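# Notes for the structure review
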Amino acid sequence: MASLFFRRRLSPASISYKSLLHGGGEFYLLQGNMATEASFGICNCLRKFSSSTAARKVDFTDLTRPHTWYPHARKKSRNVFLHVGPTNSGKTYYALKQLESSSSGVYCGPLRLLAWEVAKRLNKSNVPCDLITGQEREEVEGARHKSITVEMADVTSDYDCAIIDEIQMIGCRTRGSSFTRALLGLAANELHLCGDAAAVPLVQEILKVTGDTIKVQYYERLSPLVPLKVPLGSFSKIRTGDCVVTFSRTEIYKMKKQIEAGGMHRCSVVYGSLPPETRTRQATMFNDASSNSDVLVASDAIGMGLNLNISRIIFSTLQKFDGVEVRDLTVPEIKQIAGRAGRYKSNFPVGEVTCLNADDLPLLHSSLDYPSPVLEWDVLIKSNNFTMQRAGVFPNFDLLYMYSRLHPKHGMHEILEHFMDNAKLSEHYFIANCDELLKVAAIIDTLPLSLHDKYLFCISPVEMDDDISSQGLTQFATNYSNNGLVRLREIFTPGTLKVPTSHTALKELESIHKVLDLYVWLSYRLEESFPDRELASSQKAICSMLIEEFLEGQGWQRPRTKRLTQKSKSISLISQETRQKF
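Values in this document were obtained by computation on a predicted structure and should not be read as measured data.

## Here's the deal with the overall build of the protein
Helix and strand counts for the protein stand at 23 helices and 18 strands. Out of the 582 residues in the protein, the part that is buried amounts to 56%. For the protein, long-range pairs separated by at least 24 residues make up 76% of all intrachain contacts whose partners lie at least 6 apart in sequence. As displayed, the protein offers around 24600 Å² of accessible surface, 50% of which is attributable to carbon and sulfur atoms.

Put into C-alpha cells, the structure is as follows:
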C-alpha cells in the first residue's frame, strides 16, 4: 500500500487522511521519525486552505507549540516517571520491570543494539515482544509489546506503558527531535523516561503545558567507581578486563596491535562504523571469560547500548574530533564512558578509571566530581556553563508540504533552507541540524521526483561524506526515478565480497555494509520498488562476517600512502556504468 503510494506518484489530495494514518501503520513506517501526526493532516490542510491566499494567512514555520502536533497524546492523562541517575544505577532496570508487567507497551531506545537487547529480554520473560527498527521487523505471535528505535515511535497507538531510554539525548543536535517527538507524542497511561539527571529541568518545563503528572525518582550508582591517581603510562601494564578508549578507527587498530604485540592479551574492538551485529559479537567475545579476548579497545560507542564486563576504563585521550573540530570531552561524555567500568553483578563489581597520560588526569578527576549540568542544546560548550535548556524539534512532512505550496518553484533543498531560516521557536526548543538532509536534497533535486519521494530519500540513513554510501543513495534514487524499480544487482554483484587485507579495504567494506543497510531501509518503505531485501540482508550478514574475520586475523595495518583511484576504491560495489554517470 505504501509502496503503491510512491509507485503511482499519487498527489496528497487524492488520498484519504484516515487511510494514510491508520492503514496498518504503513504510512507511518514510510516516514520514519517525521510521520504525519500534526494536529492537521495534508488533506485537512488542503481542504482548509484550498486557495493560496488562505494558505498565506497561516504561518507554517511556527514551531512554538509542538505539543499541539499530537492530539492523541493530549487526550491522555499521562503519568510521567523520570528515572534519573548515573550509569549503572538500575534506573532502566526498574522501568523495564514496569513494562514487563503492563498489558501493552513500547520501549524506545537510542540504538538498534538496545532495541534488540530489550526485545530478547521481554521474550525470554514470556512477554511476547516485536522488534522494530529502521532495518528490522521481527514480529512475535500475540505480541502487545514492541521494542523499537526511538525514530520508529508510533504516536497514533495507545499503550499502557512506554519507555524512552537515554532521554537526555533530547538535546542532541541531530537526533534530539526524535526524542522530543516521542516525549510529546506517545499516548501511554504511564511514560517512563530514563537517563541523566541533567534532563529533569527541561522535561519538567516542556511538560508544563501537556497536563501530565510528573514524578522524579533519583538513583545512585550500584557499584563503586574509583578514579585512579596514577596514569597507565604504558600498555605493558594492561590487564584482563581493561578497556582502552580512543576516538578514531586508525588509533583503535594501532592500539590493538600494540597491546597484542606484548603477547599477553587479545583485543576485541568496538566503534561506531562497525555493523551492529559485529559490535555485538565483539562485545560477547570480550565478556566471555572462556574466549581468548580479554581486553577491549573502543570508541565512545561503548557509552550506551552494550553490557560489558569492564574492570578499568583507560582514556587514551580526553579529546575527540566531533565532525567540526577537535575538542575536549564534555562532563557528561566523560561520566557516561567512565561509568561503564564495574557493572553491577559482573565479574568486576568495583570499577576503576584512569588515563594513559598523566596530563589528562586533572580533567578526568574534575569531570567525575562535577555535578550533572542541565541540558544545553549545543553540547559543545567548553566552559561547562550549561545554563540554557532546549530540546530538538523538526518539521514533519505536512508542514514542509504546505510551506512548499507557498514556494511552488523551489526544490527540496531551497524549501528546507528557507524553512530553517524562518522557523519560529519557543525558548525551550531548537531546530535540529539538517546538514545531512541538505546534502541529500542537493542531489535529489536534480531528479524528476515528487516532493514526498525527495523527502523520503532525505530522511534515509545515509552518510553523504562517505563516497560509496553517497554513490549508493544516488544510484538508488536515480533508478527509482527512471523505472520505479531498483534491483540490487544493478549496482552490486554478489560473490565479490572478500576479507579485507588493509585498513583501507576494511573501511570500504564497512561502507558497502551501509549501502546494503540503506537498501533494506528503503525496502521497508517502498517494498515493491526495492524487492531484493532478502538478498541485501544476506549480503549484509556476509559483510559482518568478513569484517569480523579481519578483526580476528589481520588486525591493524598501516594505510597506504598512495591514494586509491575512484575505480579501485568502488569496484566491488559501484558498476562501471554507474561510475561513468557519476
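## As for the packing of helix α15 (residues 397-405) against helix α16 (residues 412-422)
Helix packing for two helices is described by the angle between their axes and how far apart those axes are. One can describe the packing of α15 onto α16 by two numbers: an axis separation of 10 Å at closest approach and a directional angle of 100°. One finds that α15 runs roughly perpendicular with respect to α16. Where α15 approaches α16, its residues L399, L400, Y403 and S404 are matched on the opposing element by I415, L416, H418, F419 and N422. A breakdown of the residues in the contact of α15 with α16 according to their chemical character gives six nonpolar, three polar and no charged.

## Digging into the sheet that holds strand β16 (residues 351-355)
Pairing is parallel in the open sheet, where six strands are placed in the order β9-β16-β13-β10-β12-β11. Taken across any chain shown, the strands that pair with only one partner, and hence form the sheet edges, are β9 (225-227) and β11 (266-270). The average angle at which neighbouring strand axes cross in this sheet is 25°, direction not considered. Against the sheet, helix α12 (residues 276-287) contacts β10 (242-245), β11 and β12 (293-298), and its axis sits at roughly 145° relative to β11. Relative to β16, helix α14 (residues 361-369) is tilted by about 140°, and along the sheet it contacts β9, β13 (312-315) and β16.

## Remarks on α12
Here α12 spans 16 Å end to end across 12 residues, near enough to the 16 Å set by a 1.5 Å rise per residue. The complete set of buried residues in α12 reads P276, T278, R279, Q282, A283 and F286. Summarising the axial view, the buried residues of α12 lie within an arc of 160°, below the 170-degree limit, and thus occupy one face. If you follow the buried residues of α12, they end up packed against α8 (112-124), β10, β11, β12, α20 (503-525) and α21 (533-553).

## A word on the packing of helix α13 (residues 331-338) against α14
Interaxial distance between α13 and α14 falls to 9 Å at its minimum, and their mutual angle equals 90°. When the axis of α13 is compared with that of α14, the two are roughly perpendicular. Contacts from V331, I334, K335 and A338 of α13 reach α14 at L363, L364, S367 and L368. The residue makeup of the contact of α13 with α14, split by class, is six nonpolar, one polar and one charged.

## With respect to the confidence of the model for the protein
Counting all residues, the mean pLDDT for the protein is 84, and 82% of those residues have values of 70 or more. Counting interchain partners and residues more than four positions distant, the pLDDT-below-50 stretch residues 555-582 has 48 contacts.

## Some remarks on the packing of aromatic side chains
Overall, the coordinates contain 11 aromatic pairs when judged by the stated rule. Relative to Y519, the ring of F476 has its centre 5.5 Å away and its plane inclined at 70°; by these criteria the two rings are edge-to-face. Here Y519 lies in helix α20 and F476 lies in helix α19 (residues 467-483), a separation of 43 residues in the sequence. Accessibility classification places F476 together with Y519 in one group, the buried group.

## Focus: the pairing of β12
Residues in a regular strand point their side chains to alternate faces of the sheet. Most of β12 sits inside the fold, with six of its six residues counted as buried. As paired strands, β11 and β12 are joined by five bridges and run parallel to one another. For C267, the partnering residue across the bridge sits in β12 and is V295. Crossover connection from β11 via α12 to parallel β12: handedness right-handed.

Conventions we followed
- Residues numbered from 1 in each chain as written.
- Predicted model: local features only at pLDDT ≥ 70, side-chain atom pairs only at ≥ 80, totals over all residues.
- Heavy atoms only, no water.
- Helix = DSSP H or I, 4+ residues; strand = E, 2+ residues; numbered from the N terminus.
- Buried < 20%, exposed > 50% of the residue type's maximum accessible area, 1.4 Å probe, protein only.
- Contact = heavy atoms within 4.5 Å.
- Areas by Shrake-Rupley, 256 points an atom, 1.4 Å probe, with all protein chains shown as cover.
- Axes fitted to C-alpha atoms, helices over the stretch in contact; angles between N-to-C directions.
- Parallel < 35°, antiparallel > 145°, perpendicular 65-115°, else oblique.
- Nonpolar A, V, L, I, M, F, W, Y, C, P; charged D, E, K, R; others polar.
- Pairing = 2+ DSSP bridges.
- Expected span 1.5 Å × (residues − 1).
- Arc of directions from axis to C-beta.
- pLDDT = per-residue confidence, 0-100.
- Phe/Tyr/Trp six-rings, centres within 6.5 Å; stacked < 30°, edge-to-face > 60°.
- Right-handed = clockwise from strand over helix to strand, strands pointing away.

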